[in-house]
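Residue strings, one per chain:
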Amino acid sequence: MKAQALHGHLDALLLAVLEQGELHGYAVIEALRARSDGRLDLPTGTIYPALRRLERAGHVASSWSTVNGRERRTYRLTDSGRAALTGERTGWREFSATVGRFLDQSGPPSAPA
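The model shown is predicted, which means the values in this text are computed figures rather than measured ones. (Residues numbered from 1 in each chain as written. Predicted model: local features only at pLDDT ≥ 70, side-chain atom pairs only at ≥ 80, totals over all residues. Heavy atoms only, no water.)

1. Notes on the packing of aromatic side chains
Per the stated rule, a full pass over the model turns up one aromatic pair. Look at Trp92 and Phe95: their rings are 5.8 Å apart centre to centre, the planes differ by 40°, and that puts the pair in the tilted class. One end of the pair is Trp92 and the other is Phe95, both in helix α4 (residues 79-103) and three residues apart, which spans about a single turn. Of the residues examined, Phe95 reaches a relative accessible area of 44% and is grouped as partly exposed. (Phe/Tyr/Trp six-rings, centres within 6.5 Å; stacked < 30°, edge-to-face > 60°. Helix = DSSP H or I, 4+ residues; strand = E, 2+ residues; numbered from the N terminus. Buried < 20%, exposed > 50% of the residue type's maximum accessible area, 1.4 Å probe, protein only.)

In structure tokens:
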């Protein structure tokens, strides 16, 4: 799945991944890949700018650490990020229910008389 297909949903996915706990950038990419059964294989050029954007918005905080002699940045969800994720989930349920009325194969909704 390409990053373009996620337009408007990437931030919510990142917040949901970080809800499980702190992760460094590459681990975020791996978590997206794992939770999507490999369907989301997004490049670092998509993920890191989105993480920085979420950090500027106050939804994510980060810190630097050294592991095996390598510097890496670890990201964690803030209280603001948890609230934003709750809003994203509500919006997603409404959106998917509405679109599902058109795209689900269970039959078209009845037309107004």
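There is more to say after this.
2. Digging into unusual backbone geometry
With a phi close to 55°, Asp37 is a non-glycine residue in the positive phi region. Checked against the element boundaries, Asp37 lands in the loop between α2 (25-35) and α3 (44-56). Asp37 gets classed as exposed once you look at its relative accessible area, which sits at 65%.

3. Looking at α2
Buried within α2 are the following residues: Gly25, Ala27, Val28, Ile29, Ala31 and Leu32. Contacts from the buried residues of α2 go to α1 (10-18), β1 (23-24), α3 and β3 (70-77). Downstream of α2 by a residue or two, Asp37 has a phi angle that is positive, lying close to 55°. (Contact = heavy atoms within 4.5 Å.)

4. Overview of the pattern of salt bridges
Taken as a whole and assessed by the stated rule, the structure comprises five salt bridges. Across the pair Arg53 and Asp11 runs a salt bridge whose closest N-O atoms are separated by 2.6 Å. Of this pair, Arg53 sits in helix α3 while Asp11 sits in helix α1, and the two are 42 residues apart along the sequence. A residue is classified by how much of its surface remains accessible, and Asp11, at 23% relative accessible area, is partly exposed. The closest approach of N and O atoms between Glu19 and Arg89, which form a salt bridge, is 2.7 Å. Of the two residues, Glu19 sits in the loop between α1 and β1 while Arg89 sits in helix α4, which places them 70 residues apart along the sequence. Through salt bridges with shared partners, a single ionic network connects Glu30, Arg33 and Asp41. (Salt bridge = Lys/Arg side-chain N within 4 Å of Asp/Glu carboxyl O.)

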